[in-house]
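Here is what each chain is made of, one letter per residue.
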Amino acid sequence: MMRIRVIDLETDGLEPSDKVVEIAAWDVVDGEVMPVSFSTFVNSGRPIPPALSAIHHIVDEDIASGRTLDESAGIIFNPVVEAYCAHNAKFERQWCDIYSGGRPWICTYRSALRAWPDAPTHSNQGLRYWLKPAGLDRKIAEKAHRALPDAYVTAFILRELLKVASVEDLIAWSSEPALLPKVNFGKHKGALWKDVPRDYL
């Protein structure tokens with residue numbers, strides 16, 4: 001049995017010195033999204049900047065009675081998991097690597113760039129609407145930028161990736177630099193690199 005645990009965090013900033021304020025996990029077992037999940041607020045011990053509350057809508061009162069990050073990690077990170085996963089896993093790993101026991105990580109963002117270079121976007125929600133994965137419950141997924149809905153959407157993206165690539169491929173792609181299939185600047189922004197005139201390159 002291959003159990004991959006999808007992790008999503010909400011934080012009070014973008015740097016490793018910033019604090020986690022919410023954590024969630026959703027399992028994918030043998031390529032199927034499980035109905036069981038875990039989510040909790042994390043008491044960061046400090047006020048949440050208003051600019052961050054404006055993104056995830058988590059406020060100081062929400063986290064006041066939350067678990068510590070260590071307590072939450074003690075529930076989420078355990079030996080029955082073969083790999084961990086996140087969309088743009090580089091972000092989650094800033095806080096989670098110390099708990100993951102050296103297990104590999106799958107980044108659904110980097111993997112999606114390889115698997116579906118022609119996708120109109122590779123964001124979490126963008127892939128959700130492009131892939132239209134069967135069985136995804138819109139009510140669970142509707143609150144973007146919250147840990148549980150984002151982990152849920154990522155679990156379905158992972159399920160779709162596992163239909164076109166092996167776990168080993170996903171782990172390998174996740175450890176390599178993001179392969180950007182399209183130009184992200186200038187007059188050819190949005191074009192595939194192969195379609196850009198050589199004199200422009």
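Residues numbered from 1 in each chain as written. Predicted model: local features only at pLDDT ≥ 70, side-chain atom pairs only at ≥ 80, totals over all residues. Heavy atoms only, no water.

Within the structure shown, the criterion is met by ten salt bridges. The partner of Asp27 in a salt bridge is Arg5, and the shortest N-O contact between them spans 2.6 Å. Taken together, the positions of Asp27 in strand S2 (residues 20–29) and Arg5 in strand S1 (residues 3–11) put the pair 22 residues apart, joining distant regions of the chain. When sorted by exposure, Asp27 lands in the same class as Arg5, which is buried. One salt bridge in this structure joins Asp18 and Arg46, with 3.1 Å as the shortest N-O distance. (Salt bridge = Lys/Arg side-chain N within 4 Å of Asp/Glu carboxyl O. Helix = DSSP H or I, 4+ residues; strand = E, 2+ residues; numbered from the N terminus. Buried < 20%, exposed > 50% of the residue type's maximum accessible area, 1.4 Å probe, protein only.)

What follows concerns the pairing of S2. Summarising burial for S2: ten of the ten residues are buried, a large majority. By the bridge criterion, nine bridges tie S1 to S2 in an arrangement that is antiparallel. In the strand pairing of S2, Ile4 is matched with Val28. As paired strands, S2 and strand S3 (residues 32–41) are joined by seven bridges and run antiparallel to one another. Pairing of Ile23 across the sheet is with Thr40, part of S3. Between S2 and the antiparallel strand that follows it, S3, lie two residues; Asp30 among them carries a positive phi value of about 50 degrees. (Pairing = 2+ DSSP bridges.)

To continue, consider the nonpolar core. Counting 28 residues, the largest nonpolar core has Ile4, Val6, Ile106, Trp116, Leu158 and Leu170 as its most contacted members. Counting only elements with at least two residues in this core, the list comes to S1, S2, strand S4 (83–86), helix H8 (147–161) and helix H9 (167–175). Here the element with the most residues in this core is H8; it accounts for nine residues. Those residues within four positions of Ile4 in sequence are excluded, and the remaining contacts are Trp26, Asp27, Val28, Ala83, Tyr84, Cys85, Ile106, Leu158, Leu162 and Val167. Ranked by size, the runner-up nonpolar core spans 18 residues in total, among them Val20, Tyr84, Cys96 and Cys107. (Core = buried A, V, L, I, M, F, W, Y, C linked by side-chain atoms within 4.5 Å. Contact = heavy atoms within 4.5 Å.)

Moving on: the sheet that holds strand S5 (residues 105–107). The five strands are arranged S3-S2-S1-S4-S5 in an open sheet whose pairing can be described as mixed. Two strands close off the open sheet at either side, each with one partner strand: S3 and S5. Neighbour-to-neighbour, the strand axes of this sheet turn through a mean angle of 25 degrees, independent of strand direction. The sheet strands contacting helix H4 (residues 89–96) are S1, S2, S4 and S5, and the helix crosses S1 at an angle near 85 degrees. Its contacts with the sheet put H9 on S1 and S5, and the angle it makes with S5 is roughly 75 degrees. (Axes fitted to C-alpha atoms, helices over the stretch in contact; angles between N-to-C directions.)

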